[in-house]
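Structural characterization, general
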Amino acid sequence: MIHSPSNRPTARRVLGSLLLVPTLVLAFSLQGCQDESEPVVNVYSHRHYDTDEALFQRFTELSGIRVRVVSASADELIARLEREGQASPADVLITVDAGRLHRARERGLLQPVSSDLLDEAVPMDYRDPEGFWYGLTRRVRIVAYARDRVDPELLERYEDLADEEWTGRVVARSSENIYNISHMASLVAAVGVEEAEAWAEGVVANFARAPQGNDTDQIRDVAAGIGDVALVNSYYVGRLLNSEDAESRQLAQRVGILFPNQDDRGAHVNVSGIGVTAHAPNRAHALQLIEFLVSEEAQRAFAEANFEYPVRPGVAWAPTLQAWGEFRSDPLPLAQLGELNNEAVRIFDRAGWR
Amino acid sequence: MAIAFSRGWARDRFRPRLRAHLTPWTLVTFAIVALVLLPLASVLLGIFGESSDTWRHLASTVLADYLGNSAILALGVGVLTLVIGVGTAWLVATCEFPGRRFLETGLILPLAMPTYIMAYTYAEVLSHSGPVQGVLQIFLDPVTTASIRTGLMSLPGAVFILSLVLYPYVYLITRASFLKQSGGILETSRILGKSGWASFRQVALPMARPAVVAGVTLVLMEVLNEYGAVKYFGVSTFTTGIFRAWFSLGDTPSAIRLSACLLAFVFLLILAERAQRGRARFDHGSSRFRPVAPFRLRGARAWLATGACTVPVVLGFVVPVGQLLVWTAEVVPEALDRRFLWLALNSFGLALVSALIAVAAALIIVYSVRLSPTPLLRLASRASSLGYSIPGAVIAVGVLVPFIWVDRRLLELLAPITGSGVGLLLTGTVAALVFAYVVRFLAVALNPVDSGFERICGNLDETSRSLGSPPLRTLRRVNVPLLKGTLLSAGLLVFVDVLKELPLTLILRPFDFDTLATRAFQLAMDEQVAESALPALLIVMVGLLPVVLINRLIGRERGETGGPDGEEPKPKATGGVPAGAGDLVGAAREGAGGAQAT
């Protein structure tokens, strides 16, 4: 493969292979180009779950519109949208956090859309007031605790995690993570910067170990006994409980979940959401896709396969979610999460929550 | 009068130079270098923006942390790779012990592991359901065993993981240097009563110093560039800081400033490496070169040597690849579908195209410097390899800015002709991606091509030219045939680097376009580590190709050294890396690129 014994002049072969370059580039470029005749919708998505892929396929079956996806983190996608400007091929932006959708809106990357279908499906709390973005699923930041070592009665509020009694018992992931940032933003909205910072310092002092890993790692570490309580999104526990892997299920059994602040503002809720981009070339298709994603069928799929809460009222929850029961959620307008994002990051930096 | 005089003086002085710079070769070279520097310039220009509020916040809170962590990481990995790399190189190059021949090759294998795959794999190996905890739980309580994984995912853990993947750079270059030292010198040292250890410390090591330093410098650059593994472990370094400022805080200027700080570090490294090399000469000076006669170790010492050389291979390659194989076996029936074939095709296609372009560009640059070696041209060629020292994500931003601008102009230009719907010709297709790869990995091709040319006697060119062949034909008929092997290996190195590349690919790839690396990374991020094993394994396996090639070339080099004295090309005093294998070894981690080996 590397040395051929042929005696033909090497130069000709090398130059010949150089001619390959433009050919190959061309062949590749064609892959990125669109076939004009086929209706498409171009998606920039931060959600990369198999559920979503299946839903997109279903959408294509129903509508005949092909869904093309670039998946990356919301931040990278926003940076890309900004630079592409009017020439952007993207039609919709999907994020896992309302704060990022708000940021995209602030930067003029989204446009408002509305329809009766959307009005009916998505409650006011879970969408932008002017229709710049709509929530697709709800995610709740809960406390996961070790059943054998923690009395859930003693832990009622997020604020309690900063108390001395939890010294050496709290595990958390890095503050780079958007779930933590948005949670901190909700705290700032509720109690103000100073108190939020004091809370962060208290939690940092209570860490069982330095922040690391993802949400599942936090749950595992609680189950294994590294720490006793963790701040995580609820669906990660749901996924572990319903995992195909017996050991993961067993692990999750050792962990209980509790919805904090039920006697005051409620648990912190965020949405994974979608917005139509400002210069969407296929605006109509984009709207169709959003309407499909908030339809009963799609909402059920989100809830069943990924254990997120549907935004659409009246859609049945997955059995695991039903077992956890109803809960009160923080009514804070979600756009605030975006507005307070930078303040939240700075608080983490000052408190030494890396 | 005075003015006229000075003008005339200037004309006389500069005209020949100007003419030297106006050949087609030189112009093409300048064009290539300008293109390559374009993304860097677009990033660096950002430094001159106003110092933002965010920057002051970063400087007063976390900057010290980034500095500290990056420094500890660099120091830790530097020391550990130094110890592992030099130690194993010395044993393998000068001693004889059981399994030496096998370990000689085996020690290079970890080079094929991308750091992010290594990090995920180890985290899973040490996880609750992994094999290590399974065994340990028999003896220890679950909290202690669980803390093994917690312990790994930390700064020391990152040092451990990075050292295991990076030590082969030091090993390769140092071993090549030891092999090139004349056996006579070491024998003299031993005859004069020095022990093996003293000979190593007082004779061999000082002579190999430039090689060792070159190897460690490459390691340090890789460390400063590192993103995937440290991010997963939650260690904040300069690179993760760039992402934080850019994304979490949405402040591009601060991100650019951090990148510039990082760049300053890298330049310091390059300067330090060049300074330590100084004017000293490190060749053996004797025309009577004999390879070192291996010193036969016996008994316990022999087995100790075997053990010492086995550990890095097992930890750096056997364990992670074994785990990947186990996972692959679990998922292969479902994972090996059409989609996977597309992934592989995408990856290989991209890597092939980028490798061809990078090698062609390197050939043009090096050849035009050879044709007219002016200081300006040398500087340009050196600058063109800077991309290697810059984090992939930073290059991605740098590429996007000018390319989007061109795309918009193109769109305006083409709109009347084609109607709308052309789309983004550069950033919407793989063109931007390929360009960014070439910017990042040009040094990888430049280094071997450069040292390959140095081994071709200039008289050959001159003879060909004086017989009437223009430069292009000389290149085609004389140089390229002589450089065949070098060009192939340079291409192979670029190929593998492109295959492994992650952050840049994530940002710049077009719609519906996944590569092996992006798919493996995403699956692992989504906690489907087993499913990520198949693409990861393929990357590692293909990554083995250059490893094998490098080894074969060094082996051949050693074979040649036994030949008649006259035929042996004298080792250059460049980083102690011998010519021949040197071009590949240097290229094995090109790093500072041209700056490194020229």
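To continue, consider the overall build of chain B. Check the secondary structure of chain B and you find 26 helices and two strands. Expressed as a percentage of its 598 residues, the buried residues of chain B come to 53%. Looking at chain B alone, contacts between residues at least 24 apart form 83% of all its contacts between residues at least 6 apart.

Taken residue by residue, a regular strand's side chains alternate between the two faces of the sheet. Residue and element names in this part refer to chain A. In terms of burial, strand 5 (residues 134-146) is a largely internal element, 13 of the 13 residues being buried. In the sheet, strand 5 pairs with strand 9 (residues 269-277) via six bridges, with the strands oriented antiparallel. Pairing of Tyr 134 across the sheet is with Ile 274, part of strand 9. Where strand 5 meets strand 10 (residues 309-310), two bridges bridge the pair, whose relative direction is antiparallel. By the bridge assignment, Thr 137 is partnered in strand 10 with Pro 310.

Right, let's talk about the confidence of the model for chain A for a bit. All names here are of chain A. Per-residue confidence for chain A gives a mean pLDDT of 86, with 90% of residues at or over 70. Mean pLDDT values over the elements of chain A span from 54, in helix 1 (residues 10-32), up to 96, in strand 4 (residues 110-111). Predicted confidence is poor over residues 1-9, with pLDDT under 50, and the contacts of this stretch with residues over four places away or in other chains come to two contacts.

Residue and element names in this part refer to chain A. In the Ramachandran plot, Asn 261 falls in the positive-phi region, its phi being about 55° despite a non-glycine side chain. Here Asn 261 shows up in the loop between strand 8 (255-258) and strand 9. Classification of Asn 261 by C-beta neighbours within 10 Å gives partly exposed; the count is 19. Phi is positive for Phe 307, which is not a glycine, with a value near 60°. As for its placement among the helices and strands, Phe 307 is situated in the loop between helix 12 (296-306) and strand 10. For Phe 307, a count of 25 C-beta atoms within 10 Å corresponds to the buried category.

This next bit is on the domain arrangement of chain A. Residue and element names in this part refer to chain A. When cut into domains, chain A gives domain 1 (40-138 + 269-324) and domain 2 (140-268 + 335-351). Averaged C-alpha coordinates put domain 1 and domain 2 at centres separated by 26 Å. Across the contact, 19 residues belong to domain 1 and 18 residues belong to domain 2. Looking at the side of domain 1 that touches domain 2, the elements with two or more residues in it are helix 4 (98-106), strand 9 and helix 13 (319-324). Per-element tally for the side of domain 1 that touches domain 2: the top contributor is helix 4, with five residues. Tallied by class, the residues present in the side of domain 1 that touches domain 2 amount to eight nonpolar, five polar and six charged.

The subject of this paragraph is the packing of helix 8 (residues 215-224) of chain A against helix 9 (residues 234-241) of chain A. All names here are of chain A. Look at helix 8 against helix 9: their axes get within 9 Å of each other, and the N-to-C directions meet at 65°. Relative to helix 9, the element helix 8 lies roughly perpendicular. Helix-helix and strand crossings are classified by hand; for helix 8 and helix 9 the assignment is right-handed. When helix 8 is examined against helix 9, the residues Asp 215, Thr 216 and Ile 219 are found in contact with a partner set consisting of Tyr 236, Val 237 and Leu 240. Here the contact of helix 8 with helix 9 is composed, by residue class, of four nonpolar, one polar and one charged.

What follows deals with the environment of Gly 234 of chain B. Counting through the fold element by element, Gly 234 of chain B comes out in the loop between helix 12 (228-233) and helix 13 (238-248). A C-alpha to C-alpha distance of 50 Å links Gly 234 of chain B and Leu 371 of chain B, two positions 137 residues apart in sequence. Once you skip the residues sitting within four places of it in the chain, Gly 234 of chain B turns out to touch Ser 174, Ala 210, Pro 211, Gln 212, Gly 213 and Arg 354 of chain A together with Met 153 of chain B.

Residues and elements named next belong to chain B. As a packed pair, helix 4 (residues 63-94) and helix 11 (residues 196-225) sit with axes 9 Å apart at the nearest point and diverge in direction by 140°. Taken as axis vectors, helix 4 and helix 11 run oblique relative to one another. At the point where helix 4 passes helix 11, the crossing takes the right-handed sense. Along the contact surface, helix 4 presents Ser 70, Leu 73, Ala 74, Val 77, Gly 78, Thr 81, Leu 82, Gly 85, Val 86 and Trp 90, while helix 11 presents Phe 200, Val 212, Gly 215, Val 216, Val 219, Leu 220, Val 223 and Leu 224. Of the residues in the contact of helix 4 with helix 11, the class split is 13 nonpolar, five polar and no charged.

Residues and elements named next belong to chain B. In the predicted model, chain B carries a mean pLDDT of 77, and 81% of its residues have values of at least 70. When pLDDT is averaged over each element of chain B, helix 4 comes out on top at 91 and helix 26 (residues 594-597) at the bottom at 32. Per-residue pLDDT stays below 50 along residues 1-10; that stretch engages in zero contacts with residues further than four places along the chain or on separate chains. Low pLDDT, under 50, characterises residues 559-598; the predicted model gives this stretch 118 contacts beyond four residues in sequence or across chains. Note on the complex model: pTM 0.77, ipTM 0.71.

Rules used in this analysis
Residues numbered from 1 in each chain as written. Chains lettered and ligands numbered in written order. Predicted model: local features only at pLDDT ≥ 70, side-chain atom pairs only at ≥ 80, totals over all residues. Helix = DSSP H or I, 4+ residues; strand = E, 2+ residues; numbered from the N terminus. Buried ≥ 20, exposed ≤ 12 C-beta atoms within 10 Å, placed from the backbone. Contact = placed C-beta atoms within 7 Å. Pairing = 2+ DSSP bridges. pLDDT = per-residue confidence, 0-100. Domains from an automatic or database assignment. Nonpolar A, V, L, I, M, F, W, Y, C, P; charged D, E, K, R; others polar. Axes fitted to C-alpha atoms, helices over the stretch in contact; angles between N-to-C directions. Parallel < 35°, antiparallel > 145°, perpendicular 65-115°, else oblique. Left-handed = near helix turned anticlockwise from the far one by under 90°.

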